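# Observations on chain architecture
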Amino acid sequence: MASYSDVQKAVRVEKFKIWLAWLCGGIMMLIIANGTQNIRIVSVITQVLLVGLGILSTIAAVTMTAKLNRKADAARKDVLGDL
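Quick summary incoming for the structure in this document. (Residues numbered from 1 in each chain as written. Predicted model: local features only at pLDDT ≥ 70, side-chain atom pairs only at ≥ 80, totals over all residues. Heavy atoms only, no water.)

So, about a nonpolar patch on the surface. There is a patch of nonpolar side chains on the surface, built from Phe16, Trp19, Leu20, Trp22, Leu23, Ile27, Ile31 and Val62 and spanning about 760 Å² of accessible area. Per-element tally for the nonpolar patch: the top contributor is helix α1 (residues 4-35), with seven residues. Topologically, Leu23 is positioned in helix α1. Owing to a relative accessible area of 44%, Leu23 belongs among the partly exposed residues under this scheme. (Patch = residues over 30% accessible without salt bridge, like charges linked within 9 Å, V, L, I, M, F, W, Y side chains within 5 Å. Areas by Shrake-Rupley, 256 points an atom, 1.4 Å probe, with all protein chains shown as cover. Salt bridge = Lys/Arg side-chain N within 4 Å of Asp/Glu carboxyl O. Helix = DSSP H or I, 4+ residues; strand = E, 2+ residues; numbered from the N terminus. Buried < 20%, exposed > 50% of the residue type's maximum accessible area, 1.4 Å probe, protein only.)

Given below as structure tokens:
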């Protein structure tokens, strides 16, 4: 069985990966939006799609982070014997 500090380190790394992927996706969305800004109808469609995808990716990142927090809390309770 892994120790609590091992679980904490793994959770911290996974959270970093989640939010780094979210940030990189956001940067790519901004680049795409900037690239299509001079084409009127494509720009509007792109911006609407990217806002929707941004909201969905944010919800997914927050959900995954919350799940990792629950996993770390369960490991802490298991190691420390808390009820």
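By the secondary structure assignment, Thr65 is in helix α2 (residues 40-80). Thr65 sits in the buried class, given a relative accessible area of 12%. Residues contacting Thr65, with those up to four places away along its chain left out, are Lys15, Ile18 and Trp19. (Contact = heavy atoms within 4.5 Å.)

Such coordinate-based values are descriptive only and should not be taken to indicate function.
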